[in-house]
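Spelled out from the first residue to the last, the chains are:
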Amino acid sequence: MFNRLKSAPLSQQIATAAAALCLLVSLALVALGAISSRHMQHQQQAGFGEALARQVAAQVSLALESGDLLSVRATLQRFVDTTAAEQVAVVDVEGKPLGEAGSASGQYLSQYTAPVTVESNIAGEARVTINTDAASSAQRRFVLSLLGLSVILSLAVYGAGLQLGRLLGNRIARLSRKLALEDAAPGQLPANELAALESRVGALPMDLLRTRDQGAAGEEHYRHTAVLYLQLDSLSDYVDTLDEQSLQRYIERLQRLVHTAAGFYGGELQVARQFALAVYFTGDGKGGSAAFRAASCAWLVNAAAREMERKRSLSMRFFMAVGLSELGAGDAADIYPGLYMQSTLDELQQVCASRPPKILLSPATCEDTDVDGRLQHQVTDVLDYAMLESMAGSYADLLERQLQLILKRLSEPLASA
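Residues numbered from 1 in each chain as written. Predicted model: local features only at pLDDT ≥ 70, side-chain atom pairs only at ≥ 80, totals over all residues. Heavy atoms only, no water.

With that settled, the discussion passes to the overall build of the protein. When you go through the protein residue by residue, the secondary structure sums to 13 helices and 11 strands. Expressed along its principal axes, the backbone C-alpha trace of the protein runs to roughly 155 × 60 × 40 Å. For the protein, the residues scored as buried account for 39% of the 417 residues in total. Taking the contacts inside the protein whose residues are at least 6 apart along the sequence as the reference set, 65% of them involve residues at least 24 apart. Separation of charge centres in the protein, based on 36 positive and 44 negative side chains, amounts to 7 Å. (Helix = DSSP H or I, 4+ residues; strand = E, 2+ residues; numbered from the N terminus. Buried < 20%, exposed > 50% of the residue type's maximum accessible area, 1.4 Å probe, protein only. Contact = heavy atoms within 4.5 Å. Lys, Arg positive; Asp, Glu negative; His and termini not counted. Charge placed at Lys NZ, Arg CZ, Asp CG, Glu CD.)

Given below as structure tokens:
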């Protein structure tokens, strides 16, 4: 029953819920009214019966003083004839009847008593029996009329709720039809309007309709960043001469070389131009400042490329330059640093276009403390850039060990081979 109501139209659900609630409230009020009226009726009957019993006891006590039992019986019969008492009786203190009039019959009988006194002494007890069938029937009719009124009121509420539910259901159904991606057969949609709306909303491509939240700008993009720019000179020659499979293997090997070298110093590799890569170094690390790590990575790439050219027929010719930027590369959440970086990339591209024989360092890079203390460089005429000559002894040994690791890594088979 509950499952059937759950899948019923919205109008029936609202009407049934409203009628049930109205019926429950009405039944509670009927029960309260019945209890209250019955209590008041019992109080009134008790007051009337007790007063009648006292009156009988008062009149009978006069006859008992004179010992006139015929007068006692006459008095009792008069009370039966003139009042609502069904039976009136007088008994002595031992319970023996002294007089009785009328007979009690019925389903609901109530008996009330009062002491009979003779000269301030209790001589017996007056008993009055009253038939309350009529009062009980009247109370039942009252309760039944209230129950009927409750049912009628609940039916009226059901009708009103049905109309209101239809209006609301029609509005939801129209909204559901507007959200439909395609016409569905009537049997394919649930009868309940809310369930049909949920089905239509569930079929919508919400991932495509929902806009992506723009994240907060990353602090790492607003720190000084060293940029290693690599102009892939040999790649521009091979694009038109190699077949697709050979070109793919060549680019994969080139990517592995630069990525492995950048991994020693925490560099982030990105494509900067059509035939150019950029590796970004931010902050200070265990390997030194960002500028020093960029220069060290450039030295590794250059040395590894020369070793690979000796073992393979294809050339790996790079023109490299290292520069500094006040901001980082940016990302999708904050494009401002990336736009600011373009001027640095343009300058490095211009420097590499002069085809320098060695790695070039920008004037700001040369002023770095680690670069100035650990590298030997010589100023050139290309925008006052300096040419990297050599590394200090201890750092040169470290770079040699890293170079051997790179060559070992590059000797492993390629994924696409």
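Glancing now at the sheet that holds strand β4 (residues 121-131). Pairing is antiparallel across the open sheet formed by four strands, whose spatial order is β2-β1-β4-β3. Either end of the sheet is taken by a strand with one partner, and the two such strands are β2 (97-102) and β3 (109-118). Put simply, the sheet's adjacent strands are angled 15° from each other on average, direction ignored. Direction of pairing for β3 relative to β4: antiparallel, over a ladder of 10 bridges. Paired with V116 across the bridge in β4 is G124. Against the sheet, helix α2 (residues 10-66) makes contact with β1 (85-92), β2, β3 and β4, and its axis sits at roughly 35° relative to β3, the strand it touches most. (Pairing = 2+ DSSP bridges. Axes fitted to C-alpha atoms, helices over the stretch in contact; angles between N-to-C directions.)

What follows covers the environment of I130. Relative to the elements of secondary structure, I130 occurs in strand β4. Of the residues examined, I130 reaches a relative accessible area of 9% and is grouped as buried. The residues touching I130, leaving out its near neighbours within four places in the chain, are F48, G49, A84, A85, E86, Y108, L109, S110 and Y112.

Ordered by their spatial adjacency, seven strands build an open sheet running β6-β7-β5-β8-β9-β11-β10, and the pairing between neighbours is mixed. The sheet is open, and its two edges are formed by β6 (268-273) and β10 (375-379), each paired on a single side. Strand direction decides the pairing type here: strand β5 (residues 225-232) and strand β7 (residues 276-282), joined by seven bridges, are antiparallel. Note that in β7 the partner of Q231 across the bridge is A276. Its contacts with the sheet place helix α8 (residues 244-263) against β5, β6, β7 and β8 (318-325), and it is angled at close to 15° to β7.

Taking 1.5 Å per residue, 22 residues should reach 32 Å; helix α9 (residues 290-311) reaches 32 Å between its end C-alpha atoms and fits that length. Burial within α9 is extensive, with 16 of its 22 residues counted as buried. (Expected span 1.5 Å × (residues − 1).)

Alignment of β10 against strand β11 (residues 386-391), held across five bridges, turns out to be antiparallel. Residue pairing in the sheet places L375 in a bridge with M391 of β11. Where β10 folds back onto β11 in an antiparallel hairpin, the turn is made up of six residues, including L383, whose phi is positive at roughly 55°.

Next up on the list: the packing of aromatic side chains. On inspection of all chains with the given rule, the structure shows two aromatic pairs. Residues Y238 and Y250 carry aromatic rings whose centres are separated by 5.1 Å and whose planes lie at 80° to one another, so their mutual orientation is edge-to-face. Of the two residues, Y238 sits in helix α7 (residues 233-238) while Y250 sits in helix α8, which places them 12 residues apart along the sequence. Judged by its relative accessible area of 2%, Y250 is buried. (Phe/Tyr/Trp six-rings, centres within 6.5 Å; stacked < 30°, edge-to-face > 60°.)

Taken together, L21, V25, L29 and L32 make up a surface patch of nonpolar side chains, about 410 Å² in accessible area. With respect to the secondary-structure elements, L32 resides in helix α2. Note on L32: relative accessible area 56%, which makes it exposed. (Patch = residues over 30% accessible without salt bridge, like charges linked within 9 Å, V, L, I, M, F, W, Y side chains within 5 Å. Areas by Shrake-Rupley, 256 points an atom, 1.4 Å probe, with all protein chains shown as cover. Salt bridge = Lys/Arg side-chain N within 4 Å of Asp/Glu carboxyl O.)

Of all hydrophobic cores here, the largest spans 48 residues; its most connected members are L228, L230, L257, F281, V301, F318 and L361. Ranked by the residues each element gives to this core, the list is headed by α9, at 14 residues. Those residues in contact with L361, other than ones at most four positions away along the chain, are A295, V322, C366, V371, L375, H377, Y385, A386 and L388. (Core = buried A, V, L, I, M, F, W, Y, C linked by side-chain atoms within 4.5 Å.)

Before going further, it helps to examine unusual backbone geometry. Phi is positive for R355, which is not a glycine, with a value near 55°. On the secondary structure map, R355 appears in the loop between α10 (336-352) and β9 (360-361). With a relative accessible area of 47%, R355 lands in the partly exposed category. Phi at D384 takes a positive value of approximately 60°, unusual for a residue other than glycine.

On to a positive patch on the surface. Together, R171, R174, R177 and K178 line one region of the surface with positive charge. The residue R174 is located in helix α4 (residues 133-178) in this model. The class for R174 is partly exposed, based on a relative accessible area of 43%.

Turning our attention to the packing of α8 against α9. When two helices pack together, their arrangement is captured by the angle between the axes and the distance separating the axes. Taken N-terminus to C-terminus, the directions of α8 and α9 make an angle of 145°; their axes are 9 Å apart at the nearest point. In this structure, α8 crosses over α9, and the sense of that crossing is right-handed. Contacts from R253, L257, V258, A261 and A262 in α8 reach C297, L300, V301, A304, A305 and M308 in α9. For the contact of α8 with α9, the per-class residue count stands at 10 nonpolar, no polar and one charged. (Left-handed = near helix turned anticlockwise from the far one by under 90°. Nonpolar A, V, L, I, M, F, W, Y, C, P; charged D, E, K, R; others polar.)

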